[in-house]
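Each chain is listed here by its residues.
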Amino acid sequence: MRRWTRINDRFLLVLGLLLVWGPPAGAQPEPRVEARVSADSVRIGERFTLTLVAAHAADRDVIFPRGDAGSVLFGDLRAIRRGAIRTRRLSGARRVDSVAYEVTTFALDSARVPVFPVRFASGGDTAVVGTSPRMLPVVSVVGPDAEALRTPAALASFPRPAWVWGLLGLLTAALLGGGAYGWWRWRTHDADAADDPDPEHAYEAASARLRRLERRHPSGREAVKAFYVDLTEALRVYLARRVGIEAPEQTTAEVMAALRRRPEVRAETTRRLRAVLEQADLVKFADAQPPPTESRSVLDDAQGVLEALEATRRRDEAQALDDASSSP
């Protein structure tokens, strides 16, 4: 009995020392982020507050999403304005930063609060942590007497002459035949362009790959991940072949750093590309599941970035030709 008493006393002594001394030096908990909504449900067009809260080590700088990121980041929500960042220190080693967005939504029945990426920078290292998605009920503005509403009466039908039906049949057959031929030619051109490694045809190859993604409607974890892998690969291969940046082997941060060293690339283009790549990183590495409408919006932004980069490249090539022709 005395032996067990001594063991118990030693255990209590060790537990007390751990409580006094705390965790070992350098053992910092991982950063945590949370998205909070000011209401349990909202009406269509009603303004409410979305707050992002980040608890992290005091020596790290937190970077919250911009308020003008658009539907690529905010999904069903529409950001109106972003407030100032507020800081509260928990201790000498931990602090909590938060920022409030005034938002609204025009979604029906429910609005999806998507995954918001929050970046933590310390020295030359950057980590991205995403919030958990959630659904926000949207209350209908239709009154309780909506069941009394009635649809308009059906239009009266009038018989058509037989020759009208024959002409409609011929036109339909011609349209179907022309559409099938055009679709076949489009698919053939896309396949040829995507397989061409010539840097002069890099834009056509990337455009063909993005056009093929327009026919996909990603739903489910594997389908969404494959969609974003193909999307970012099209952009990264274009950057390698046409812009001269080894994007396929680089991280998103390295690609952004390389683009910032190119003064000919506009800052707006770089910002839009970063939003697309960071959204893809959340899907590929953080298991984010954006809805098909949000993925289509990201695809539209990727096409806009591709066109802006190609316009910049062609302008530089034209300037180089002018300089060469004017030199003796």
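Residues numbered from 1 in each chain as written. Predicted model: local features only at pLDDT ≥ 70, side-chain atom pairs only at ≥ 80, totals over all residues. Heavy atoms only, no water.

### Concerning the overall build of the protein
Along the backbone of the protein there are eight helices and eleven strands. Taking as baseline every contact in the protein between residues at least 6 positions apart, the subset at least 24 positions apart corresponds to 67%. In the form shown here, the protein has an accessible surface area of approximately 20,600 Å², with 57% of it arising from carbon and sulfur atoms. (Helix = DSSP H or I, 4+ residues; strand = E, 2+ residues; numbered from the N terminus. Contact = heavy atoms within 4.5 Å. Areas by Shrake-Rupley, 256 points an atom, 1.4 Å probe, with all protein chains shown as cover.)

### Points about helix H7 (residues 267–286)
End to end, H7 covers 27 Å across 20 residues, agreeing with the expected 28 Å (1.5 Å per residue, within 8%). For H7, the complete set of buried residues consists of Thr269, Thr270, Leu273, Val276, Leu277, Glu278, Gln279, Ala280, Asp281, Leu282, Val283 and Lys284. Within two residues after H7, Asp287 carries a phi angle of roughly 60 degrees, on the positive side. (Expected span 1.5 Å × (residues − 1). Buried < 20%, exposed > 50% of the residue type's maximum accessible area, 1.4 Å probe, protein only.)

### Thoughts on the sheet that holds strand S4 (residues 61–63)
Adjacent strands of a sheet form backbone hydrogen bonds with each other and so pair up, either parallel or antiparallel. Sheet architecture is open: three strands sit in the order S4-S9-S10, paired in antiparallel fashion. At either margin of the open sheet sits one strand with a lone partner, and together these are S4 and strand S10 (125–130). Across the sheet, the axes of successive neighbouring strands diverge by a mean angle of 25 degrees, strand direction being ignored. (Pairing = 2+ DSSP bridges. Axes fitted to C-alpha atoms, helices over the stretch in contact; angles between N-to-C directions.)

### Digging into the nonpolar core
Residues Leu231, Tyr238 and Leu273 are the most contacted members of the largest nonpolar core, which totals 36 residues. When residues of this core are traced back to their parent elements, those giving at least two are helix H4 (202–214), helix H5 (221–243), helix H6 (252–260), H7 and helix H8 (292–326). With nine residues, H5 is the single largest residue contributor to this core. Discounting residues that sit within four places of it in the chain, Tyr238 has contacts with Ala202, Tyr203, Ala206, Val243, Leu306, Leu309 and Glu310. (Core = buried A, V, L, I, M, F, W, Y, C linked by side-chain atoms within 4.5 Å.)

### Considering unusual backbone geometry
Backbone geometry at Asp109 places phi at a positive 70 degrees, although glycine is not the residue there. Here Asp109 lies in the loop between strand S7 (94–105) and strand S8 (110–113). In this structure Asp109 comes out as exposed when scored by relative accessible area, which is 64%. In the Ramachandran plot, Asp287 falls in the positive-phi region, its phi being about 60 degrees despite a non-glycine side chain.

### Some thoughts on a nonpolar patch on the surface
Together, Trp165, Leu167, Leu168 and Leu171 give the surface a local cluster of nonpolar side chains, amounting to about 410 Å² of exposed area. When you line up the elements, Leu167 lands in helix H3 (residues 162–194). (Patch = residues over 30% accessible without salt bridge, like charges linked within 9 Å, V, L, I, M, F, W, Y side chains within 5 Å. Salt bridge = Lys/Arg side-chain N within 4 Å of Asp/Glu carboxyl O.)

### Quick notes on the side chain of Gln279
The topology assignment puts Gln279 in helix H7. Not counting chain neighbours up to four residues away, the residues in contact with Gln279 comprise Val72, Tyr228, Pro290, Glu294 and Val298.

### Observations regarding the sheet that holds strand S2 (residues 42–43)
Within the open sheet, the three strands sit side by side as S2-S11-S8. Their pairing is mixed. Strands with a single pairing partner mark the edges of an open sheet, and in this sheet they are S2 and S8. As paired strands, S2 and strand S11 (residues 134–139) are joined by two bridges and run parallel to one another. Looking at the pairing, Arg43 lines up with Val139 of S11.

### Details of the pairing of S11
Where S8 and S11 come together, four bridges link them in antiparallel fashion. Counterpart to Ser110 in the pairing with S11 is Pro137.

### Let's talk about the pairing of S10
Where strand S9 (residues 117–122) lies against S10, six bridges are found, and the strand directions are antiparallel. Bridging from a neighbouring strand, Phe120 pairs with Ala127 of S10. Where S9 folds back on S10, the antiparallel hairpin that results is connected by two residues, among which Gly123 adopts a positive phi of roughly 70 degrees.

### A word on the packing of aromatic side chains
Tallied over the entire structure, the rule returns three aromatic pairs. Plain terms: the ring middles of Phe74 and Phe116 are 5.3 Å apart, the flat faces sit at 70 degrees to each other, and that makes the pair edge-to-face. Placement of Phe74 in helix H2 (residues 71–74) and of Phe116 in the loop between S8 and S9 is noted, with a sequence separation of 42 residues between them. An identical accessibility class is assigned to Phe74 and Phe116; each is buried. Relative to Tyr228, the ring of Phe227 has its centre 5.4 Å away and its plane inclined at 80 degrees; by these criteria the two rings are edge-to-face. Phe227 gets classed as buried once you look at its relative accessible area, which sits at 2%. On the basis of relative accessibility, which here comes to 0%, the residue Tyr228 falls in the buried class. Among the aromatic residues, ring-to-ring pairing joins Phe74, Tyr101 and Phe116 into one connected group. (Phe/Tyr/Trp six-rings, centres within 6.5 Å; stacked < 30°, edge-to-face > 60°.)

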